[in-house]
Amino acid sequence: MKRPKIVILGAGFGGLMTVTKLQKELDVNEAEIVLINKDSHYYQKTWFHQVAGSNMTLSRVRFDIKDVIDSNKVQFIHDTVIEIKPEEKKVMLEKIEVHYDYLVVAVGGEVGTFGIKGIKEYSLSISSASAARHINNHIEGEFSNYQGGEKEDKITIVVGGAGLTGIEFLGELTDRLPKLCRQYKVDRSKVEIICVQSSFALPIFEHDLGQYAVNTLEKKGVQFRFETRIRECLPDGVIIGKNGEEAVEKIHAGTIIWAAGVRGNSIIEQAGIQVTEGRVKVNPDLRAPGFENLFIIGDCSIFVDEKTGQPYPPTAQIALQQGTTCAENILSLLSKKTKLKKFEPNIRGIVCALGKENAVGVVYGNKVFGSKALFMKKMIDNRALYMIGRSSLILKKGRLNLF
Ligand code: FAD
């Protein structure tokens, strides 16, 4: 008898979690499981800011997908998805096409520019492993090429966005700065780091946690411009303006990091599925509205909190938990059950690192600061590894220096 075919697109947090659960629950004769990813490696995206800030190597954040999947049960295809055709139940890859009975779309997000002119062309974003490494090299290049001399001549780095990604990157960058200044004999006073944010820092937290992050980073030399937006990005800087005001100011900068927006992967909107900013508002059971056999999880989905009416922020934690529920729902469909499980996020905690020695966040409803928060951050990272690859992945890649 023909086995039902489950195809998972994307081997990130959501996709790998779905596969891990399915391979555990299903026998080879029960279903065919196919995982497709554009890289042969999985990259621990939540550590990209450390690569960009040069405090972690690329090999440290990378692991082989084949180390995580059971190759007796799961076929891995290393290829890029270029089109999803839900009406024909097939997916077009660069090299081949793949048919499916059940599809899980977990291809993550892309950089969202909010339509700001020049962001795509002139800014750098911490969106992929190679982009993170490029940022690291670019900043090093700025220091090595710095001639000094002129009074006004400075190394200026602008970071657009003071959410989790922007703040974590600033923590890494300011940790690295003393070494860079020493190495290239640059006077620290010649380096300016300016963060521009349309509201206040870390809007996913209460104000005091954002303020803690601001105080920590200001002490390390970061200047913040709150209630201010980047209006345009240019080859040599940015135009910024205060919210609601006409007046604008130009900041000359050799490095512009855009850390302010995530949108869904563009292959989804091309599939004829209704999207908002490239992301799909999924049903409570994680299926795309109108599709019986198509699940969308992780950063390319929008899942609304029933209590607040607001979407949950896209995080690794949500993607992992959605992966589990999605797999459970596919198992239900395979056993002909029609009532599927509602996804119920269990937000255990979110912690934002502020460099090597400090962090801030909320864990099980309690605010945490400083070294305690940093410890919790490492535990959260290790837990994510454990969920995907059990103890062996922690031993290979885990953050074992907990204190
Ligand atoms: P991803 O993990 O992005 O995985 C998507 C996968 O799909 C990738 O493997 C990609 O290669 C593949 N793919 C994409 N397009 C295609 C294609 N066309 N064909 C084939 N394969 C494709 N979240 C937290 O919870 N805590 C944090 O502390 C945190 N810190 C972060 C720090 C940084 C710097 C960044 C960038 C993000 C951070 N996040 C954090 C967010 C978190 O990383 C994401 O929410 C999470 O990775 C989303 O998981 P996902 O499975 O949806 O997508």
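Below is a summary of the structure that appears in this document. What you see is a predicted model; the values in this text were computed from it and never measured.

This paragraph deals with the overall build of the protein. Secondary structure summary: the protein contains nine helices and 25 strands in total. The globule rule puts the C-alpha radius of gyration for 403 residues at 22 Å, and the 22 Å found for the protein is close to it. Each principal axis of the C-alpha atoms in the protein carries an extent, and together these give about 80 × 45 × 45 Å. In the protein, the proportion of contacts linking residues at least 24 apart, taken out of those at least 6 apart, comes to 64%.

Two elements, strand E6 (residues 81–85) and strand E7 (residues 90–93), share four bridges in a ladder whose sense is antiparallel. The residue bridging Ile84 from the neighbouring strand is Val91, located in E7. Linking E6 back to E7 in an antiparallel pair, the connection comprises four residues, with Lys89 at a positive phi of about 50°.

Take the site of the ligand next. Among the 29 residues in the neighbourhood of the ligand, the closest are listed as Gly14, Val81, Asp299, Ala316 and Lys377. Contact distances for the ligand include 2.9 Å between an oxygen atom and a side-chain N or O atom of Asn37. Within the backbone of Lys38, one N or O atom sits 3.1 Å away from a nitrogen atom of the ligand. A total of 1000 Å² of accessible area belongs to the ligand in isolation, and the protein chains cover 90% of it. The greatest single-element share of the shell around the ligand, amounting to three residues, is contributed by helix H8 (residues 316–334). The residue inventory of the shell around the ligand, partitioned by class, reads nine nonpolar, 13 polar and seven charged. When residues of the shell around the ligand are assigned to domains, at least three map to each of domain 1 (5–38 + 79–109 + 264–346) and domain 2 (119–261).

Looking now at helix H9 (residues 370–397). Given a rise of 1.5 Å per residue, 28 residues ought to cover 40 Å, yet the end C-alpha atoms of H9 are separated by just 24 Å, more than 12% below that figure. At Gly389, H9 shows its largest bend, some 130°.

Our next topic: unusual backbone geometry. One can expect most non-glycine residues to show negative phi and most peptide bonds to be in trans. The backbone of Lys89 shows a phi angle near 50°, a positive value even though the residue is not glycine. We classify Lys89 as partly exposed; its relative accessible area is 35%. Even without a glycine there, the phi angle at Tyr364 is positive, about 45°. Topologically, Tyr364 is positioned in the loop between strand E24 (359–363) and strand E25 (366–369).

Counted by the stated rule, this structure contains 20 salt bridges. For Lys250, the salt bridge is made with Asp236, and the minimal N-O distance between the two is 2.9 Å. Taken together, the positions of Lys250 in strand E17 (residues 248–252) and Asp236 in the loop between strand E15 (228–234) and strand E16 (237–242) put the pair 14 residues apart, joining distant regions of the chain.

A few words on the sheet that holds E25. Spatial ordering of the open sheet is given by E23-E24-E25, a layout of three strands whose pairing is antiparallel. Each edge of the open sheet carries a strand with a single partner, namely strand E23 (349–353) and E25. Averaged over neighbouring strand pairs, the angle between their axes works out to 10° when direction is ignored. In terms of strand pairing, E23 meets E24 through five bridges, oriented antiparallel.

The next subject is the environment of Thr308. Mapped onto the fold, Thr308 is located in the loop between strand E22 (301–302) and H8. Each C-alpha atom of the pair Thr308 and Phe205 lies 15 Å from the other, and the pair is 103 residues apart in sequence. Here Gln310 takes part through its backbone nitrogen, which lies 3.1 Å from a polar atom of the side chain of Thr308.

With that out of the way, let us pick up the packing of helix H4 (residues 129–145) against helix H5 (residues 164–184). In helix packing, the relevant descriptors are the interaxial angle and the interaxial distance, both defined with respect to the helix axes. With their axes 11 Å apart at the nearest point, H4 and H5 run at an angle of 35° to one another. The chirality of how H4 crosses H5 is right-handed. Residues Ile135, Asn136, Ile139, Glu140, Phe143 and Ser144 of H4 lie in contact with H5, whose contacting residues are Phe169, Leu173, Arg176, Leu177, Leu180, Cys181, Gln183 and Tyr184. Looking at the contact of H4 with H5, its residues break down into nine nonpolar, three polar and two charged.

Side chains on a regular strand alternate between the two faces of the sheet. By the criterion of burial, E23 is predominantly enclosed, with five of the five residues buried. Residues Gly349, Val351 and Ala353 line one face of E23 and the alternating positions Ile350 and Cys352 line the opposite face, and both faces are buried. Hairpin connection from E23 to E24: five residues lie between these consecutive antiparallel strands, with Gly355 at a positive phi of about 105°.

Across the sheet, five strands lie side by side as E11-E18-E12-E13-E14; this open sheet has parallel pairing. With one partner strand each, in any of the chains shown, strand E11 (124–125) and strand E14 (222–225) form the two edges of the open sheet. As judged from the four bridges shared by strand E13 (residues 191–196) and E14, these two strands associate in the parallel manner. When the sheet's bridge partners are listed, Val196 is paired in E14 with Arg225.

Scoring rules and cut-offs
Residues numbered from 1 in each chain as written. Predicted model: local features only at pLDDT ≥ 70, side-chain atom pairs only at ≥ 80, totals over all residues. Heavy atoms only, no water. Helix = DSSP H or I, 4+ residues; strand = E, 2+ residues; numbered from the N terminus. Rg over C-alpha atoms; globule rule 2.2 N^0.38 Å. Contact = heavy atoms within 4.5 Å. Pairing = 2+ DSSP bridges. Near = heavy atom within 4 Å. Polar contact = N/O pair within 3.5 Å; in protein donor to acceptor, adjacent residues only side chain to side chain. Areas by Shrake-Rupley, 256 points an atom, 1.4 Å probe, with all protein chains shown as cover. Nonpolar A, V, L, I, M, F, W, Y, C, P; charged D, E, K, R; others polar. Domains from an automatic or database assignment. Expected span 1.5 Å × (residues − 1). Bend = angle between axes of the 7 residues up to and from the residue. Buried < 20%, exposed > 50% of the residue type's maximum accessible area, 1.4 Å probe, protein only. Salt bridge = Lys/Arg side-chain N within 4 Å of Asp/Glu carboxyl O. Axes fitted to C-alpha atoms, helices over the stretch in contact; angles between N-to-C directions. Left-handed = near helix turned anticlockwise from the far one by under 90°.

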